[in-house]
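Working through the structure, step by step
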Amino acid sequence: MQAAWMIAAAFFFSSMAVAIKYASAQFSPLEIVFYRGIVGVCFMAFIARGRGVSLRTEVPMMHVWRNIVGVSALVAWFYAIAKLPLATAMTLNYMSGIWVATFLIAGTLALGKLSDVRRQGPLVLAVLCSFAGVVMLLRPTVEQNQVFGGLVGLLSGVLSGLAYMQVAALGRVGEPETRTVFYFSLGATLAGLVGMLATGVHAWTWPAAAWLLPLGVLAALGQLCMTRAYTHGATMVVANLQYSGIVFASLYGLLLFDAQIPPIGWAGMALIVVSGITATMLRSRAMPNPPAEEL
């Protein structure tokens, strides 16, 4: 079931990316971060009230750390998108799955659990295969004058991996997904507001402004599904399944933006899907009901 939550999150985030593409014709990245955040705050407050979930938290510093890391990853990704080819920026950000696997393996080794690392070898291989599929699909490139942008894009992947780990940690201490997403949306709102004060605000013009509301709702839904997946699912499997977002994004490009997918791209897409299914099956057979903190 947690696999379905991550696939749903990937779909919502890919749909959000379409809204961002249309909205960016009028609004800067920092403005989009702000509007995405403020819509998310209102939407999640409404959801929390409907579910009877209190927004008061007993672990405020965990939310602060998750916001610092998560919003920084978001800003770094937007910067990379501005400075690099879109395919390259997407690939570097989607390295987050590899970083999650790296962090988990390093932590397991630090605890002296070498047997656990060996047991999870097939899952690590599945993550690497998914990323190989991303590279085949997007075929990223970096020019000599884009090195700094590439480093920032790489940083966005590292920070995203850390943010996902923090989401899982919040779930383990009992924080409801609704509350976690609410505070992340609040953090994005504040960061975007500070950026807007520094860079200025564009006037609302249609149809670009019409995309701001669905953009924020799709972002909140994606965060909600992603948070639930990381809270209740096996972290490495969930990290692997996030690559399905590249498949959705590529299909959107094909249908809406006249993008072309060459044969190697279709092969990469198939590799992502097969790797995700394989990882889920391997995990289900090894541990039918894995705790969230397991690899």
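Residues numbered from 1 in each chain as written. Predicted model: local features only at pLDDT ≥ 70, side-chain atom pairs only at ≥ 80, totals over all residues. Heavy atoms only, no water.

1. Side note on empty space enclosed by the protein
Here is the rule we go by: Here a cavity is any set of points on a 1 Å grid over the protein atoms alone where a 1.4 Å probe fits but cannot get out, and a pocket is any open set with protein on both sides within 12 Å along at least 5 of 7 lines; a residue lines the site when it has an atom within 4 Å of a point. Grid points are joined across faces, edges and corners, and a volume is the space filled by probe spheres set on the points. The helix count covers DSSP runs of H or I at least four residues long, the strand count covers runs of E at least two residues long, and both are numbered beginning at the N terminus. Residue type decides the class: Asp, Glu, Lys and Arg count as charged, Ala, Val, Leu, Ile, Met, Phe, Trp, Tyr, Cys and Pro as nonpolar, and the leftover types, Gly among them, as polar.
Counting across every chain of the model gives 2 cavities of 30 Å³ or more. Volume-wise, the largest cavity comes out at about 450 Å³. The set of elements that each furnish at least two residues to the lining of the largest cavity consists of α1 (2-23), α3 (60-83), α4 (86-93), α8 (147-172), α10 (212-232) and α12 (244-256). The element best represented in the lining of the largest cavity is α1, accounting for 6 residues. Its residues placed into classes, the lining of the largest cavity shows 15 nonpolar, 8 polar and 2 charged. Estimates place the volume of the second largest cavity at around 50 Å³. Among the secondary structure elements, those contributing two or more residues to the lining of the second largest cavity are α2 (29-51), α9 (177-199) and α10. Here the element with the most residues in the lining of the second largest cavity is α10; it accounts for 4 residues. Its residues placed into classes, the lining of the second largest cavity shows 4 nonpolar, 5 polar and 1 charged.

2. Let's talk about the nonpolar core
Note the cut-off: What makes a nonpolar core is a set of buried Ala, Val, Leu, Ile, Met, Phe, Trp, Tyr and Cys residues whose side-chain atoms join them at distances within 4.5 Å. The buried label applies to any residue whose accessible area, calculated with a 1.4 Å probe on protein chains only, is under 20% of its type's maximum; exposed applies above 50%, and partly exposed to all values in between. It only takes one pair of heavy atoms within 4.5 Å for two residues to be counted as in contact.
Core analysis: the largest hydrophobic core is formed by 65 residues, its most contacted members being M6, F27, M226, Y230, Y243 and I246. Setting aside residues no more than four positions away along its own chain, F27 makes contact with I32, Y35, H202, A203, W204, A208, A209 and L212. Core analysis: the next-biggest nonpolar cluster, separate from the first, contains 7 residues, M44, V181, F182 and L224 among them.

3. Considerations on the confidence of the model for the protein chain
Note that predicted coordinates carrying low pLDDT should not be read in detail. Keep this limit in mind: On a range of 0 to 100, pLDDT expresses the predictor's confidence in each residue.
Considering every residue of the protein chain, the mean pLDDT works out to 84; 91% of them sit at 70 or more. Long-range and interchain partners of residues 287-295, a stretch whose pLDDT sits below 50, account for 27 contacts in this model, where long-range means more than four residues apart.

4. Topic: α10
Formally: To estimate how far a helix should reach, multiply one less than its number of residues by 1.5 Å.
Compared with the 30 Å implied by 1.5 Å per residue over 21 residues, the 30 Å span of α10 between its first and last C-alpha is a close match. Most of α10 is tucked away, with 15 of its 21 residues classed as buried.

5. Looking at unusual backbone geometry
Cis geometry marks the peptide bond from W206 to P207, where omega comes out at 10°. Along the chain, P207 falls in the loop between α9 and α10.

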